[in-house]
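The lines below spell out each chain.
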Amino acid sequence: IPKSIENYYQETGRAGRDGMEGKCLLYFSHKDVSKLEHLMRDKALSEREVGAQLIDETVAFAESGVCRRKVLMNYFGENYPDKNCKNCDNCVNPKEKIEAKENAAKVLKVIKSLDERFATDYVVQIITGRLSQQIQMYRHDVLDVFASGNDQPEHYWKSLIRQLLLEGLLEKDIEEYGILKFTTKGIAFLKKPTSFKIVM
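The written sequence of each chain sets the order in which its residues are numbered from 1. Local features in this predicted model are restricted to residues of pLDDT 70 or higher, and side-chain atom pairs are both shown and tallied only at a pLDDT of 80 or more, whereas totals for entire chains, interfaces and linings draw on every residue. As a rule here, side-chain values cover all heavy atoms of the structure and leave hydrogens and water aside.

Caption draft 1: Representation of the overall build of the protein chain within the structure. Regarding its fold elements, the protein chain presents 10 helices and four strands. The linear arrangement of helices and strands in the protein chain, starting from the amino end, is α-α-α-α-α-β-α-α-α-α-β-β-α-β. The C-alpha atoms of the protein chain give a radius of gyration of 18 Å, which matches the 16 Å a tight globule of 200 residues would have. Each principal axis of the C-alpha atoms in the protein chain carries an extent, and together these give about 55 × 45 × 30 Å. Burial statistics for the protein chain: of 200 residues in total, 37% are counted as buried. Restricting to contacts in the protein chain with at least 6 residues of sequence separation, those with at least 24 account for 58%. Using the Shrake-Rupley algorithm and a 1.4 Å probe, accessible areas are obtained, with residue cover drawn only from the displayed protein chains. Looking at the protein chain as shown, the accessible area adds up to about 12,800 Å², and 50% of this sits on carbon and sulfur atoms. Residues counted as positive are Lys and Arg, residues counted as negative are Asp and Glu, and His and the chain ends are not counted. Each charge is placed at NZ for Lys, CZ for Arg, CG for Asp and CD for Glu. Each charge sign in the protein chain was given a centre, from 31 positive and 30 negative side chains, and these centres are 3 Å apart. Secondary structure elements are taken from DSSP: a helix is a run of H or I of four residues or more, a strand is a run of E of two residues or more, and numbering for both begins at the N terminus. For the radius of gyration, the atoms used are the C-alpha atoms, and the globule rule reads 2.2 Å times the number of residues raised to 0.38. Between buried and exposed lies partly exposed: a residue is buried under 20% and exposed over 50% of the maximum accessible area for its type, with that area taken using a 1.4 Å probe on protein chains only. Two residues form a contact once any of their heavy atoms are found within 4.5 Å.

Caption draft 2: Region of the structure containing the packing of aromatic side chains. A pair of aromatic rings is counted whenever rings of Phe, Tyr or Trp (Trp by its six-membered ring) have centres within 6.5 Å, and the orientation is called stacked for planes under 30 degrees apart, edge-to-face for over 60 and tilted otherwise. For the coordinates displayed, the defined rule picks out eight aromatic pairs. Between Phe-118 and Tyr-138, the ring centres sit 5.5 Å apart and the planes meet at 75 degrees, which makes this aromatic pair edge-to-face. Of the two residues, Phe-118 is situated in the loop between helix H6 (101-113) and helix H7 (120-128) and Tyr-138 in helix H8 (residues 133-138); the sequence distance between them amounts to 20 residues. On the accessibility criterion, Tyr-138 (37% relative accessible area) is partly exposed. For the pair Phe-189 and Phe-196, a centre-to-centre distance of 6.1 Å together with 70 degrees between the ring planes defines the contact as edge-to-face.

Caption draft 3: View of the side chain of Thr-120. The residue Thr-120 is located in helix H7 in this model. Once residues lying within four places of it in the same chain are set aside, the contact partners of Thr-120 are Lys-158, Ile-161, Lys-172, Gly-178 and Leu-180.

Caption draft 4: Spotlight on the pattern of salt bridges. Any Lys or Arg side-chain nitrogen located within 4 Å of an Asp or Glu carboxyl oxygen qualifies as a salt bridge. Within the structure shown, the criterion is met by five salt bridges. Ionic pairing is found between Glu-57 and Lys-172, a salt bridge with its closest N-O pair at 3.7 Å. Of the two residues, Glu-57 sits in helix H3 (residues 45-63) while Lys-172 sits in strand E2 (residues 170-173), which places them 115 residues apart along the sequence. On the accessibility criterion, Lys-172 (32% relative accessible area) is partly exposed.

Caption draft 5: Broad picture of the packing of helix H2 (residues 30-39) against H3. Here an angle of 0 to 180 degrees is reported between the N-to-C directions of two axes, which are lines fitted to C-alpha atoms, with helices fitted over the stretch in contact. Running from N to C, H2 and H3 point in directions that differ by 170 degrees, and their axes come no closer than 11 Å. One element, H2, and the other, H3, form an angle in the roughly antiparallel class. Contacts between H2 and H3 involve His-30, Val-33, Leu-36 and Glu-37 on the former and, on the latter, Ile-55, Val-59 and Glu-63. Basically, the charged four are Asp, Glu, Lys and Arg, the nonpolar ten are Ala, Val, Leu, Ile, Met, Phe, Trp, Tyr, Cys and Pro, and anything else, Gly included, counts as polar. Taken together, the residues of the contact of H2 with H3 break down into four nonpolar, one polar and two charged. The cut-offs work like this: below 35 degrees is roughly parallel, past 145 is roughly antiparallel, 65 to 115 is roughly perpendicular, and the gaps in between are oblique.

Caption draft 6: Layout of the state of the cysteines. Whenever a pair of cysteine sulfur atoms sits within 2.5 Å, that pair is classed as a disulfide. Per the counting criterion, the structure on display carries zero disulfides. Counting only cysteine sulfurs, Cys-88 is the nearest neighbor of Cys-85, a cysteine outside any disulfide, at a range of 3.8 Å. Overall, Cys-85 belongs to the buried group, its relative accessible area being 9%. This cysteine, Cys-91, is not joined by any disulfide, and Cys-67 carries the nearest cysteine sulfur, 3.7 Å off. On the basis of relative accessible area, Cys-91 is assigned to the buried category, the value being 9%.

Caption draft 7: How the structure looks around the nonpolar core. For our purposes a nonpolar core is just a set of buried Ala, Val, Leu, Ile, Met, Phe, Trp, Tyr and Cys residues, chained together by side-chain atoms within 4.5 Å. Judged by nonpolar contacts, the single largest core of 30 residues is most densely connected at Val-107, Ile-126, Leu-160, Ile-161, Leu-164, Leu-170 and Phe-196. Where this core is concerned, the elements lending two or more residues are H6, H7, helix H9 (154-166) and strand E3 (179-182). Tyr-8, Val-66, Val-71 and Leu-166 belong to the second-largest nonpolar core, a separate cluster that totals seven residues.

Following this line, the structure appears as structure tokens:
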């Protein structure tokens, strides 16, 4: 698997440069991911953290059930308005969608309780009730929202957050290490939740 979405984008871009049709297949297993993480073990902590985030984003892209063009363009700061690109596997053979209105509201409540000061991993630890030194230090384990979503695994919440970002209810503050912030749309949803269907 490529080490980052940038690498993936570079590799796939070669196929269509001559104006002909390009087909792209991405094969990967979680063993590949473990191998990449293992190769980073001797690097500086900050480099390891950035590398782990890039790998996590690539795996999220590979496992996503959302339009791949939409995900890629969102990653590079652009908006793809169409719901269906008619080209990628997820648009040609859409996966089943499930209602996640209540869980989307749970995520937003956690972010609000944390004063929009933390990134995805920390939010997921709070919602699943995973106690860490950092959580104990900030005393976030006493928040009402702590472990409010321990009925679902971590990967479910990460996927839900990615889809909230894609639908414009949340945004990442890139300059602040990917801290999750509300958008106007997200604030409106928190006040009055509506149907929010996701792909799992």
